[in-house]
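Structural overview for review
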Amino acid sequence: REDMKLEPDVFFQKLNTLTFHSELGSVREKSARENSLSTDLSEMLNLSDEERYHLMYAVQYAKHDLTTQMVTEMPELQGIIGREYTKRWGSIPESSSDAIAEQYHLVPESKPGLTLALTDRVDKLVGLFAAGLAPTGAKDPFGLRRAAIGVVQPLLEHGIPFDLREAVKKAARLQPIEVSSEVQAQVLEFLAGRLSVLLKEAGYRYDVVDAVLAEQSANPAAAAEAVKQLQAWVERKDWSTILPGYARCVRILRSAGVEGNQLPAVSRQLFAEAEEKALYEAIRSAVHGPPSTVNEFLEIVVELIPSINNFFDKVLVMAEDETVRKNRLALVGQIAGLSRGLADLSKLEGF
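About the criteria used
Residues numbered from 1 in each chain as written. Predicted model: local features only at pLDDT ≥ 70, side-chain atom pairs only at ≥ 80, totals over all residues. Heavy atoms only, no water. Helix = DSSP H or I, 4+ residues; strand = E, 2+ residues; numbered from the N terminus. Buried < 20%, exposed > 50% of the residue type's maximum accessible area, 1.4 Å probe, protein only. Core = buried A, V, L, I, M, F, W, Y, C linked by side-chain atoms within 4.5 Å. Contact = heavy atoms within 4.5 Å. Axes fitted to C-alpha atoms, helices over the stretch in contact; angles between N-to-C directions. Left-handed = near helix turned anticlockwise from the far one by under 90°. Lys, Arg positive; Asp, Glu negative; His and termini not counted. Salt bridge = Lys/Arg side-chain N within 4 Å of Asp/Glu carboxyl O. Polar contact = N/O pair within 3.5 Å; in protein donor to acceptor, adjacent residues only side chain to side chain. Expected span 1.5 Å × (residues − 1). Phe/Tyr/Trp six-rings, centres within 6.5 Å; stacked < 30°, edge-to-face > 60°. Lys NZ or Arg CZ within 6 Å of the ring centre and 35° of its normal. Parallel < 35°, antiparallel > 145°, perpendicular 65-115°, else oblique.

1. A look at unusual backbone geometry
Positive phi outside glycine occurs at Asn46, with the angle close to 55°. One can find Asn46 in the loop between helix 2 (27-44) and helix 3 (49-61). Looking at Asn46, the relative accessible area reads 59%, which means it is exposed.

Have a look at this one:
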């Protein structure tokens, strides 16, 4: 209570005489990291100029209440006390004070609060994983599972596109210890695991979730929308004709041991059968660049199904002539590659 009567400059001068050590340094060191990281994340989240102004104050004062006797005695008041201190000073925007408290909410309401929360949680995950303190079994002394859910769930609730790969990379550069690419991959895998749990708990099929997260786990909001779209497709009555048609293209590439991007460009001069010419023209008519959504991708596949089936029924893809064989594989590879970055349909039941 006595601290709350002090002017901000005097209060923080008093705080700066204290130390609060953790595995990754003092409160001041963490605040410096979060100040830099929050700037990067605010750009990724497209904050307005006004929201960035409020965030600037919030991140500056976000952790200072951790060194007060009030929070030391009652840790559950962290953030709440920070908000009350800054509101009473009157020189800090109210939205900044609210963001200080919101950083501890599972789903912050405001964008400054969301940015501050993501900054804190991503910094914590990256730093502690790098320090070798990842959860093991049922043990999670630093609450990293909750921190990971606190990264994923707000992005789902707000429906905001956000690249977790880039956020983890930016946080890694700011840590006081080295964060290898392997550790960054572990953090992303850990976040994907929490995202998987949330989506399956929301009622989506496990195989649909697995198919989408195989390609889009680093963008929770986009992944959730893709899962929603794919679930609607697998529930269609004609799905039993759509999936097998597409699967034929993927399977023959796998049986040949090649990826679509390893094959040469398709040559029309090498076509010998009417069905391969028809499939080529069908692809040219239906595909106008990489599809951006699961819906767009599968609508293309539906349009191509008759030509795909005719091609496989009448054309010997694995021809003895290597040049002809590779050309035919490249043709079906154009179809197989349509799902890249959207979903791995081989994860689905019945593939």
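From this point, the discussion proceeds with the structure in view.
2. A word on the nonpolar core
One broad rule of soluble globular proteins: the nonpolar side chains tend to lie buried together. Within the largest apolar cluster, 102 residues are counted, with the highest numbers of intra-cluster contacts made by Leu125, Leu230, Trp239 and Leu345. Per element, the largest residue contribution to this core is 10 residues, and it comes from helix 15 (residues 294-314). Filtering out sequence-adjacent residues up to four positions away, Trp239 remains in contact with Leu230, Trp233, Val234, Pro244, Leu298, Leu345 and Leu348.

3. Overview of the packing of helix 8 (residues 144-158) against helix 10 (residues 181-201)
Contact geometry for helix 8 and helix 10: axes closest at 9 Å, N-to-C directions at 60°. When the axes of helix 8 and helix 10 are compared, the crossing they make is right-handed. Along the contact surface, helix 8 presents Leu144, Arg145, Ala148, Ile149, Val151, Val152, Gln153 and Leu156, while helix 10 presents Phe190, Leu191, Arg194, Leu195 and Leu198.

4. Let's talk about the side chain of Glu102
By the secondary structure assignment, Glu102 is in helix 6 (residues 94-102). Arg83 provides the closest opposite charge to the buried, salt-bridge-free Glu102, at an N-O distance of 7.0 Å. A distance of 3.1 Å separates the side chain of Glu102 from the backbone nitrogen of Glu109, its partner in a polar contact. Beyond its immediate chain neighbours, meaning those up to four positions away, Glu102 contacts Pro108, Glu109, Ser110 and Gly113.

5. Notes on helix 10
Helix length check: helix 10 (21 residues) gives 30 Å between terminal C-alpha atoms against 30 Å at 1.5 Å per residue, within 8%. Of the residues making up helix 10, those classed as buried are Val183, Gln184, Val187, Phe190, Leu191, Ala192, Leu195, Ser196, Leu198 and Leu199. Buried residues along helix 10 sit in contact with helix 7 (111-130), helix 8, helix 9 (164-174), helix 11 (206-216) and helix 12 (220-234). Positioned one or two residues after helix 10, Gly203 has a phi angle of 105°, which is positive.

6. Topic: helix 14 (residues 274-286)
Spanning 13 residues, helix 14 covers 18 Å between terminal C-alpha atoms, matching the ideal 18 Å at 1.5 Å per step. At its buried positions, helix 14 is contacted by helix 15 and helix 16 (322-336).

7. Some points on the side chain of Asp123
Mapping Asp123 onto the fold places it in helix 7. Judged by relative accessible area, Asp123 falls into the buried class, the value being 2%. At 2.9 Å, the side chain of Asp123 and the side chain of Gln175 are in polar contact. Leaving out residues up to four positions away in the same chain, Asp123 has contacts with Lys30, Arg33, Glu34, Leu37, Leu118 and Gln175.

8. Details of the packing of aromatic side chains
In total, this model carries five aromatic pairs according to the counting rule given. The lysine or arginine in question, Arg194, covers the ring of Phe190, its NZ or CZ lying 5.5 Å from the ring centre.

9. Things to note about the packing of helix 6 against helix 7
At a closest axis distance of 8 Å, the pairing of helix 6 and helix 7 adopts a crossing angle of 40°. On the basis of their axis angle, the class for helix 6 and helix 7 is oblique. Considering how the two elements wind past one another, helix 6 and helix 7 form a crossing that is right-handed. Contacts between helix 6 and helix 7 involve Ala99, Ile100 and Glu102 on the former and, on the latter, Pro112, Gly113 and Leu116.

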